[in-house]
Amino acid sequence: MNEPVLSVRDLTVEFVTRRGTLRAIDAISFDIAPGEVLGVVGESGAGKSLTGTAVIGLLEPPGRIAGGEIRLSGRRIDDLPPGEMRRLRGKRIGMVFQDPLTSLNPLFRVGDQLVETIMTHLPVTKEEARKRAIDLLAEVGIPAPERRIDGWPHEFSGGMRQRVVLALALCAEPDLVIADEPTTALDVSVQAQIIALLKRLCRERGTAVMLITHDMGVIAETADRVAVMYAGRIVEIGPVREVVKNPQHPYAKGLMGSIPSLEESRERLLQIEGSMPRLAAIPKGCAFHPRCPHAFARCHVEKPVLLESGAGRVACWLYDGDTVARAETAA
Amino acid sequence: MLAFILRRLMQSVLVLLSVALIAFAMFRFVGDPVNQLVSLDTPAEQVRQIRESLGLDDPVIVQFLRYVANAAQMEFGISYQFRQPVTTLLAERAPATLELAFVSALFSLLVGIPMGVYTALRRDGVLARVFQAVSLVGVSLPTFLIGILLIYLFAVTLGWLPSFGRGETVKISGSWSTGLLTWSGLKALVLPAVTLGLFQMTLIMRLVRAEMLEVLRTDYIKFARARGLSTRAVHFGHALKNTLVPVITIAGLQLGSIIAFAIITETVFQWPGMGVLFLKAVQNVDIPIMAAYLVMISALFVVINLAVDLLYAMVDPRLRATLKGA
Ligand SMILES: Nc1ncnc2c1ncn2[C@@H]1O[C@H](COP(=O)(O)OP(=O)(O)OP(=O)(O)O)[C@@H](O)[C@H]1O
Ligand code: SF4
Ligand SMILES: [Mg+2]
């Protein structure tokens, strides 16, 4: 049986503010299979990080999960008591943040942070944990790990620190790693190395990855499937080849239009005319309609749902059988 | 590291020299010191002799260097009022002030830090709000008023604690008489120490709260949570340590100002310390005491500053690294 590691259904995240409730994630659903890499792309503010934060249970008030469910290997985790959720973090779900320079506590030795994390999750003695930490550092490609383990974070370069962060995220062999723009803050020269490392480590362990990034090149090289987010919704999700080569949703088309080829594709996303709406002003119907070149009457009133289309699913009325039929009769 | 210490020492010496210059200038600007020592009918010849014996006819620069040399040997001249060496007068009263300041600082840290941490972690709790409100009172009420209120409540109304003096003291090692070893000495210390430390305590509480909230928002705390560390490890292992680094600096500097501000508290509680001596000196234009007090307090500030810098370097590995590199 191939039960998904992560299964998200109709996840809705809201911020309760003085001026009303803002819906930042609007009923999104997706699965990640064991060992699978799901890429998540979308403009800044689309809700990518928020999705990851909600999955690992680290939303901070006033943010809260307002609906839907999150299952880890079939077991529901969004309603777990805080203590139980904490035990899952780091053990079953690992997380890597964007900036390795600020992810490590500057006042603690690298080894102490590793040993502390290992001992939190595994029944080992301090010596065993230290040995494991050294092995991990070696595995993530830190030279002379038995010496470097006693170093301070500031003694490591950005790339090296992100390797340490990977070691920390993977030290208890989680089933799922959420990597939130793991290379954005790094030198271009080391970005590819870190992505390759992440890919190798996860493949070896069979760890599934939710890879959030702006870099379509990374997605094309690394991900098995990709989800495109816009204004808190998934507008298209499917196998990476399909979505990148032959996107269906008008927004995804605009995004992918920015990649000249799969090889030399380190650019930022092409700006589609206009910008994404603020949370307080998400338009009725399809959130993309003010910017969409194909928008028609139905888009202004009815919110599109994810519909099967080709190998993936698309949230656009253009692909609704009804619309197509109606459009044809009208013509 | 050594270069850093040497550089800071040099700076300290410069600061102290400038203070000594100000102290020295006080003697000249507040009139001819000889007039303080002689009466109107002293013969001119005797006045001249006194001038000469005091070296007042030497060039100013020589007089200044002499003052500095004497000060370096803790020699500050004779008090006009008491006709006694200033050093002896200060040494007699220093233990009272230093003990008061030390206990106040301890009180402000031991109460201020936990209160700050508590109010940061339970931001919306009722007790946290009460602490916040009380701390506002602490920073806005003047010290003497707090002292008088405390005296009214605990000394006059309840009669639990004495309202003035140091209680019984015990002599330890030569000139140091301590009030810390007798019951009445300890009781006498409570009200003045609380009065003097209250402002610092609220300051430290607010500082710790603000700093802790700041630290709790950082990426490394978020990452520590994402690694599944227990709430206790995140709050008291990681966040607290990072919070306390800047607190060290402020707390150290506060110790200096506690000693300086002791003047008011000592007056309210008739505490036999250096502050009261200084006030009396001001009233009677007793320049040697005023100058010596100024120099001593600055020296204290400088030493504390130096200690804080070193402590800071010990706690923060990043700073240690830049110092090594320098
Ligand atoms: N504390 C908060 N209060 C109100 N709105 C918030 C809060 N935190 C995030 N948001 C909103 O949630 C939305 C999604 O944010 P999120 O960080 O997930 O975006 P993102 O897709 O990760 O963007 P980026 O590419 O810039 O990282 C944004 O519109 C943001 O303004
Ligand atoms: S639903 Fe309508 S507005 Fe939205 S993307 Fe499709 S065509 Fe454009
Ligand atoms: Mg983000």
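On a predicted model such as this, the values are computed, not experimentally measured, just so you know.

### Section: the overall build of chain A
Here's step 1: Per the secondary structure count, chain A includes 13 helices and twelve strands.
Here's step 2: The C-alpha atoms of chain A give 21 Å as radius of gyration, which agrees with the globular expectation for 331 residues (20 Å, within 12%).
Here's step 3: The principal-axis extents of the C-alpha atoms in chain A amount to approximately 75 × 45 × 45 Å.
Here's step 4: Residues classed as buried in chain A amount to 53% of the 331 residues present.
Here's step 5: Considering only intrachain contacts with a sequence separation of at least 6, the fraction spanning at least 24 residues in chain A is 63%.
Here's step 6: If you sum the accessible surface of chain A, you get close to 14,500 Å²; carbon and sulfur atoms cover 52% of it.
Here's step 7: Distance between charge centres in chain A, computed from 41 positive and 42 negative side chains, equals 3 Å.

### As for the packing of helix 7 (residues 158–170) of chain A against helix 8 (residues 188–205) of chain A
Residue and element names in this part refer to chain A.
Here's step 1: The contact between helix 7 and helix 8 brings their axes to 10 Å, and the two run at 15°. Overall, the two elements helix 7 and helix 8 adopt an arrangement that is roughly parallel. For the pair helix 7 and helix 8, the crossing hand works out as right-handed. Where helix 7 abuts helix 8, its residues Gly159, Gln162, Arg163, Leu166 and Leu170 lie against Val190, Gln193, Ile194, Leu197, Leu198, Leu201 and Arg205.

### Concerning empty space enclosed by the protein
All names here are of chain A.
Here's step 1: Across all of its chains, the model carries four cavities of 30 Å³ or more by this definition.
Here's step 2: Taken as a whole, the largest cavity spans an internal volume of roughly 70 Å³.
Here's step 3: Lining the largest cavity are His249, Pro250, Cys286, Phe288, Cys292, His294, Ala295, Phe296, Cys299, Cys316, Trp317 and Leu318.
Here's step 4: The class makeup of the residues in the lining of the largest cavity is ten nonpolar, two polar and no charged.

### Digging into the interface of chain A and chain B
Here's step 1: Facing the 26 residues of chain A at the interface are 23 residues of chain B.
Here's step 2: Buried area between chain A and chain B, both sides added, is near 2,200 Å², and the carbon and sulfur share of it is 62%.
Here's step 3: Inspection of the region where chain A meets chain B yields one salt bridge.
Here's step 4: For Arg225 of chain B, the salt bridge goes to Glu60 of chain A, with nearest N and O atoms at 3.8 Å.
Here's step 5: There are eleven residue pairs in polar contact (both at pLDDT 80 or more) connecting chain A and chain B.
Here's step 6: Breaking the side of chain A that touches chain B down by element, the ones donating at least two residues are strand 6 (93–96), helix 3 (100–103), helix 4 (110–121) and helix 7 of chain A.
Here's step 7: Element by element, the count of residues in the side of chain A that touches chain B is highest for helix 4 of chain A, at five residues.

### Considering the site of ligand 2
All names here are of chain A.
Here's step 1: Taken together, His249, Pro250, Cys286, Phe288, His289, Cys292, His294, Ala295, Cys299, Cys316, Trp317 and Leu318 make up all the residues around ligand 2.
Here's step 2: The pocket occupied by ligand 2, as judged from atoms lying within 2 Å of grid points, is the largest cavity.
Here's step 3: Grouping the constituent residues of the shell around ligand 2 by class yields nine nonpolar, three polar and no charged.

### Considerations on the layout of surface pockets
Here's step 1: As a volume, the largest pocket reaches approximately 1,200 Å³.
Here's step 2: Around the largest pocket, the lining is made up of 36 residues, and of these Leu58, Leu59, Glu60 and Pro61 of chain A together with Arg225 of chain B lie nearest the centre.
Here's step 3: Contributions of two or more residues to the lining of the largest pocket are made by helix 1 (48–55), strand 4 (63–72) and helix 2 (82–88) of chain A together with helix 5 (86–121), helix 8 (183–216), helix 9 (219–226) and helix 10 (231–268) of chain B.

### Observations regarding the site of ligand 1
All names here are of chain A.
Here's step 1: Near ligand 1 you find 13 residues, and of these Ser44, Gly45, Lys48, Ser49 and Leu50 are the closest.
Here's step 2: A distance of 2.4 Å separates an oxygen atom of ligand 1 from a polar side-chain atom of Ser44.
Here's step 3: A distance of 3.1 Å separates an oxygen atom of ligand 1 from a polar atom in the side chain of His214.
Here's step 4: Considered on its own, ligand 1 offers 630 Å² of accessible surface; in the complex 65% of this is hidden by protein.
Here's step 5: Ranked by the residues each element gives to the shell around ligand 1, the list is headed by helix 1, at three residues.
Here's step 6: A per-class count over the shell around ligand 1 returns five nonpolar, five polar and three charged.

### Brief notes about the sheet that holds strand 1 (residues 6–17) of chain A
All names here are of chain A.
Here's step 1: If you walk across this open sheet you meet the four strands as 2-1-4-5, and the pairing is antiparallel. Two strands close off the open sheet at either side, each with one partner strand: strand 2 (20–32) and strand 5 (75–76).
Here's step 2: Across nine bridges, the pairing between strand 1 and strand 2 is antiparallel. Within strand 2, the position partnered with Val16 by the bridge is Thr21.
Here's step 3: Strands in contact with helix 1 are strand 1, strand 2 and strand 4; relative to strand 1, the strand with the most contacts, it is inclined by about 110°.

### Examining the pattern of salt bridges
Residues and elements named next belong to chain A.
Here's step 1: Per the stated rule, a full pass over the model turns up 29 salt bridges over all chains.
Here's step 2: A salt bridge links Arg291 to Glu43, with the nearest nitrogen and oxygen atoms 3.2 Å apart. In this pair, Arg291 is assigned in the loop between helix 11 (250–256) and helix 12 (297–301) and Glu43 in the loop between strand 3 (37–41) and helix 1, connecting sequence segments 248 residues apart. As far as the burial class goes, Arg291 and Glu43 line up, both buried.
Here's step 3: In the salt-bridge network here, residues are joined through shared partners; they are Glu14, Arg23, Asp26, Arg64, Arg233 and Lys303.

### Considerations on the packing of aromatic side chains
Here's step 1: Applying the stated criterion across every chain, the model contains nine aromatic pairs over all chains.
Here's step 2: Measuring from centroid to centroid gives 6.1 Å for Phe97 of chain A and Phe223 of chain B, while their planes differ by 80°, and the two rings are edge-to-face. Note that Phe97 of chain A is positioned in the loop between strand 6 and helix 3 and Phe223 of chain B in helix 9, a pairing that runs across two chains. Comparing Phe97 of chain A with Phe223 of chain B, the two get one shared label, buried.
Here's step 3: Seen from their ring centres, Phe154 of chain B and Trp160 of chain B are 6.0 Å apart, and the 45° between their planes marks the pair as tilted.
Here's step 4: You can call Phe154 of chain B partly exposed: its relative accessible area is 23%.
Here's step 5: Lying over the aromatic face of Phe156 of chain A, Arg148 of chain A brings its terminal NZ or CZ to 4.2 Å of the ring centre.
Here's step 6: The ring of Trp317 of chain A has Arg298 of chain A lying over it, and the distance from NZ or CZ to the ring centre is 3.6 Å.

### Some words on the state of the cysteines
Here's step 1: With the rule as written, the count across this model stands at zero disulfides over all chains.
Here's step 2: Cys171 of chain A takes part in no disulfide bond, and the closest cysteine sulfur to it belongs to Cys202 of chain A, at a distance of 13 Å.

### Things to note about helix 4 of chain A
Here's step 1: Its twelve residues place the ends of helix 4 of chain A 17 Å apart at the C-alpha level, agreeing with the 16 Å of an ideal helix rising 1.5 Å per residue.
Here's step 2: Buried within helix 4 of chain A we find Val110, Gly111, Gln113, Leu114, Val115, Thr117, Ile118 and His121 of chain A.
Here's step 3: Next to the buried residues of helix 4 of chain A lie helix 2, helix 5 (126–139) and helix 7 of chain A together with helix 10 of chain B.

### Side note on the sheet that holds strand 8 (residues 208–212) of chain A
Residue and element names in this part refer to chain A.
Here's step 1: Across the sheet, which stays open at both edges, the eight strands sit in the order 6-7-8-3-9-10-12-11 with mixed pairing between neighbours. The sheet terminates laterally at strand 6 and strand 11 (307–309), the two strands that pair on one side only. On average, each strand axis in the sheet is inclined to that of its neighbour by 20°, with strand direction left out of account.
Here's step 2: Sheet topology places strand 11 next to strand 12 (residues 312–314); three bridges connect them, and they run antiparallel. In the sheet register, Ser309 faces strand 12, and the bridge partner there is Gly312.
Here's step 3: Sheet contacts for helix 7: strand 6 and strand 7 (176–180); angle to strand 6, the most-contacted strand, approximately 165°.

Criteria and thresholds
- Residues numbered from 1 in each chain as written.
- Chains lettered and ligands numbered in written order.
- Predicted model: local features only at pLDDT ≥ 70, side-chain atom pairs only at ≥ 80, totals over all residues.
- Heavy atoms only, no water.
- Helix = DSSP H or I, 4+ residues; strand = E, 2+ residues; numbered from the N terminus.
- Rg over C-alpha atoms; globule rule 2.2 N^0.38 Å.
- Buried < 20%, exposed > 50% of the residue type's maximum accessible area, 1.4 Å probe, protein only.
- Contact = heavy atoms within 4.5 Å.
- Areas by Shrake-Rupley, 256 points an atom, 1.4 Å probe, with all protein chains shown as cover.
- Lys, Arg positive; Asp, Glu negative; His and termini not counted.
- Charge placed at Lys NZ, Arg CZ, Asp CG, Glu CD.
- Axes fitted to C-alpha atoms, helices over the stretch in contact; angles between N-to-C directions.
- Parallel < 35°, antiparallel > 145°, perpendicular 65-115°, else oblique.
- Left-handed = near helix turned anticlockwise from the far one by under 90°.
- 1 Å grid on protein atoms, 1.4 Å probe; cavity = no way out; pocket = protein on both sides within 12 Å on 5 of 7 lines; lining within 4 Å.
- Points joined across faces, edges and corners; volume = space filled by probe spheres on them.
- Nonpolar A, V, L, I, M, F, W, Y, C, P; charged D, E, K, R; others polar.
- Buried area = accessible area lost by both parts, 1.4 Å probe.
- Salt bridge = Lys/Arg side-chain N within 4 Å of Asp/Glu carboxyl O.
- Polar contact = N/O pair within 3.5 Å; in protein donor to acceptor, adjacent residues only side chain to side chain.
- Near = heavy atom within 4 Å.
- Sits in = over half its atoms within 2 Å of the grid points.
- Pairing = 2+ DSSP bridges.
- Phe/Tyr/Trp six-rings, centres within 6.5 Å; stacked < 30°, edge-to-face > 60°.
- Lys NZ or Arg CZ within 6 Å of the ring centre and 35° of its normal.
- Disulfide = S-S within 2.5 Å.
- Expected span 1.5 Å × (residues − 1).

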